[in-house]
Amino acid sequence: MDPKTEQSDEAQGLRLVRAFLSLPPDKRAEVIAFVEALLRAHGRPEEGTEASPR
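Residues numbered from 1 in each chain as written. Predicted model: local features only at pLDDT ≥ 70, side-chain atom pairs only at ≥ 80, totals over all residues. Heavy atoms only, no water.

**Q** What is the right way to look at the overall build of the chain in this model?
**A** Check the secondary structure of the chain and you find two helices and zero strands. A buried classification covers 0% of the 54 residues belonging to the chain. (Helix = DSSP H or I, 4+ residues; strand = E, 2+ residues; numbered from the N terminus. Buried < 20%, exposed > 50% of the residue type's maximum accessible area, 1.4 Å probe, protein only.)

Structural data, given as structure tokens:
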């Protein structure tokens, strides 16, 4: 992968984490519930296995 793309992905990830942490606790809970629902809808990898990186 291109180093600039990796830096951009890393920066985007950090912005998302910062935005998540700035949410009030009730909104964080909503985000977590939403992500858990997405994982259930798309299927999780079996326990003990790791998800493949994209």
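**Q** Teacher, can you tell me more about a nonpolar patch on the surface here?
**A** Taken together, the side chains of Val31, Phe34, Val35, Leu38 and Leu39 make up a nonpolar region of the molecular surface, amounting to roughly 400 Å² of accessible area. Mapping Leu39 onto the fold places it in helix α2 (residues 25–42). (Patch = residues over 30% accessible without salt bridge, like charges linked within 9 Å, V, L, I, M, F, W, Y side chains within 5 Å. Areas by Shrake-Rupley, 256 points an atom, 1.4 Å probe, with all protein chains shown as cover. Salt bridge = Lys/Arg side-chain N within 4 Å of Asp/Glu carboxyl O.)

**Q** Help me understand the packing of aromatic side chains, please; the structure alone is not making it clear to me.
**A** Any two aromatic rings considered together are summarised by their centre-to-centre distance and by the angle between their planes. All told, the structure shown has zero aromatic pairs when counted by the stated rule. Between Arg28 and the ring centre of Phe20, over which it is positioned, the NZ or CZ distance is 5.9 Å. (Phe/Tyr/Trp six-rings, centres within 6.5 Å; stacked < 30°, edge-to-face > 60°. Lys NZ or Arg CZ within 6 Å of the ring centre and 35° of its normal.)

**Q** Is there a simple way to explain α2 in this structure?
**A** Here α2 is 18 residues long and its end C-alpha atoms lie 26 Å apart, about the 26 Å a rise of 1.5 Å per residue gives. In the stretch just after α2, Gly43 is the one whose phi turns positive, near 80 degrees. (Expected span 1.5 Å × (residues − 1).)

Function-wise, these values are silent; they only describe arrangement.
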